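Summary of structural features
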Amino acid sequence: MTVTLEVSDNVGTIRLDRPPMNALDVAVQDRLRELAEEATRREDVRAVILYGGEKVFAAGADIKEMQAMDHTAMVLRSKALQDSFTAIARIPKPVVAAVTGYALGGGCELALCADYRIAAENAKLGQPEILLGLIPGAGGTQRLARLIGPSRAKDLIFTGRMVRAEEALTLGLVDRVVPAAEVYEQAHAWAARLAKGPALALRAAKESVDAGLETDIDTGLTVERNWFAGLFATEDRERGMRSFVEEGPGKAEFL
């Protein structure tokens, strides 16, 4: 398999494994969607790591495969391409990208689908599609601008330049930079901590933030209010508040 889902201690790792550069061909794209849907369904998966291995996250699309496509073929394919990445972005659980080496083009777009990004010191990220006479097609023009702002996103997209981990951190493209040998370990620690949290509240928080970014503030506040009130019907809310009153903050254990 070019992409796998391995689950341990309620953390699911979606692992790209298409040597040497984890190029995102059609088969990989479709497999990402399948595993995103599986991770969404499975109750034993409470947090997710996106990982390409120790050397590279994903260096982008399979250019040879794309070169063989004409306009008609890409019109038919482009929706499925975006859908595979959107399926990752819509996993209703915390998702962290563990980025090593190159995360370019589709690889960068895949990292953008995560809620949090931990990058190796040797990581390089970018959207170089313009150098092929193209633009990002798997969400890059939309998710990158929402994450780092339109002018910074345009600079990266217009020039196609790569940024090293430290600049990516300054831009807000990644959230933490660590030694390469620690990337997966740090990502797993982040995911494992949240896997022990209140699953419905985490889902509510993620969907409220994401939905709010796509609409006006009044609609976003309505989404937040509905989730907030709805959580009062959950066992996790009862458990968390009871623990706070009886034991103090931060000691609740959730199922």
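Higher on the page you've got the structure.
Presented here is an overview of the structure given in this document. Note that this is a predicted model, so its numbers are computed, not measured.

Turning to the sheet that holds strand 7 (residues 124-126), a few remarks are in order. Ordered by their spatial adjacency, 3 strands build an open sheet running 5-7-8, and the pairing between neighbours is mixed. Each edge of the open sheet carries a strand with a single partner, namely strand 5 (102-104) and strand 8 (162-164). In this sheet, adjacent strand axes meet at a mean angle of 20 degrees when their direction is disregarded. Pairing geometry for strand 5 and strand 7, over 3 bridges, is parallel. By the bridge assignment, L104 is partnered in strand 7 with G126.

Next up on the list: the sheet that holds strand 2 (residues 11-16). What holds strands together in a sheet is hydrogen bonding between their backbones, with the strands either parallel or antiparallel. Taken in spatial order, the 6 strands of this open sheet run 1-2-3-4-6-9, and their pairing is mixed. Two strands lie at the open edges of the sheet, namely strand 1 (3-8) and strand 9 (176-178), each paired on one side alone. Pairwise comparison of adjacent strand axes, ignoring direction, gives a mean angle of 20 degrees for this sheet. One ladder, built from 5 bridges, connects strand 2 with strand 3 (residues 47-51); its direction is parallel. Each residue of the ladder has a partner; that of T13, found in strand 3, is I49. Against the sheet, helix 8 (residues 183-195) touches strand 1, strand 2, strand 3, strand 4 (95-99), strand 6 (116-120) and strand 9, its axis set at about 175 degrees to strand 4.

It is worth spelling out the packing of helix 9 (residues 199-213) against helix 10 (residues 217-230) at this point. Contact geometry for helix 9 and helix 10: axes closest at 9 Å, N-to-C directions at 170 degrees. The angle between helix 9 and helix 10 places the two elements in the roughly antiparallel class. Of the residues in helix 10, those touching helix 9 at L200, R203, A204, E207, S208, A211 and G212 are G220, V223, E224 and W227.

Looking now at a nonpolar patch on the surface. Residues M21, Y102 and M162 make up a contiguous nonpolar surface patch of roughly 250 Å² in combined accessible area. Looking at the secondary structure, you find M21 in the loop between strand 2 and helix 1 (26-41).

Inspection of the entire model under this criterion finds 3 aromatic pairs. Ring geometry for Y116 versus W190: centroids 5.2 Å apart, planes at 5 degrees, classification stacked. Pair noted here: Y116 is in strand 6 and W190 is in helix 8, with a separation of 74 residues, a long-range link. The residues Y116 and W190 share a single accessibility class, namely buried.

The subject of this paragraph is a negative patch on the surface. Residues E121, E166, E182 and E185 make up a contiguous surface patch of negative charge. Looking at the element boundaries, E166 is found in helix 7 (residues 165-171). Taking relative accessible area as the criterion, E166 reaches 51% and is therefore assigned exposed.

Another aspect to go through is the layout of surface pockets. Left-over empty space is what a probe sized like a water molecule reveals as it rolls over the atoms. Volume-wise, the largest pocket comes out at about 990 Å³. For the largest pocket, the lining is made up of 34 residues, of which A89, R143, D210, L213 and E214 are closest to its centre. For the lining of the largest pocket, the secondary-structure elements that each account for two or more residues are helix 3 (71-89), helix 5 (140-148), helix 8 and helix 9. No other element matches the 7 residues that helix 9 contributes to the lining of the largest pocket. When the residues that make up the lining of the largest pocket are grouped by side-chain class, the tally is 16 nonpolar, 7 polar and 11 charged. Lining the second largest pocket are 31 residues, and of these A61, M66, E129, L134 and I135 lie nearest its centre. Those elements that place two or more of their residues in the lining of the second largest pocket are helix 1, helix 2 (63-67), helix 3 and helix 4 (106-112). A total of 6 residues in the lining of the second largest pocket trace back to one element, the largest contributor, which is helix 3. For the lining of the second largest pocket, a count of residues per class yields 18 nonpolar, 7 polar and 6 charged.

What counts as what
- Residues numbered from 1 in each chain as written.
- Predicted model: local features only at pLDDT ≥ 70, side-chain atom pairs only at ≥ 80, totals over all residues.
- Heavy atoms only, no water.
- Pairing = 2+ DSSP bridges.
- Helix = DSSP H or I, 4+ residues; strand = E, 2+ residues; numbered from the N terminus.
- Axes fitted to C-alpha atoms, helices over the stretch in contact; angles between N-to-C directions.
- Contact = heavy atoms within 4.5 Å.
- Parallel < 35°, antiparallel > 145°, perpendicular 65-115°, else oblique.
- Patch = residues over 30% accessible without salt bridge, like charges linked within 9 Å, V, L, I, M, F, W, Y side chains within 5 Å.
- Areas by Shrake-Rupley, 256 points an atom, 1.4 Å probe, with all protein chains shown as cover.
- Salt bridge = Lys/Arg side-chain N within 4 Å of Asp/Glu carboxyl O.
- Phe/Tyr/Trp six-rings, centres within 6.5 Å; stacked < 30°, edge-to-face > 60°.
- Buried < 20%, exposed > 50% of the residue type's maximum accessible area, 1.4 Å probe, protein only.
- Lys, Arg positive; Asp, Glu negative; His and termini not counted.
- Charge placed at Lys NZ, Arg CZ, Asp CG, Glu CD.
- 1 Å grid on protein atoms, 1.4 Å probe; cavity = no way out; pocket = protein on both sides within 12 Å on 5 of 7 lines; lining within 4 Å.
- Points joined across faces, edges and corners; volume = space filled by probe spheres on them.
- Nonpolar A, V, L, I, M, F, W, Y, C, P; charged D, E, K, R; others polar.

Keep in mind that these numbers describe shape and distance, not what the molecule does.
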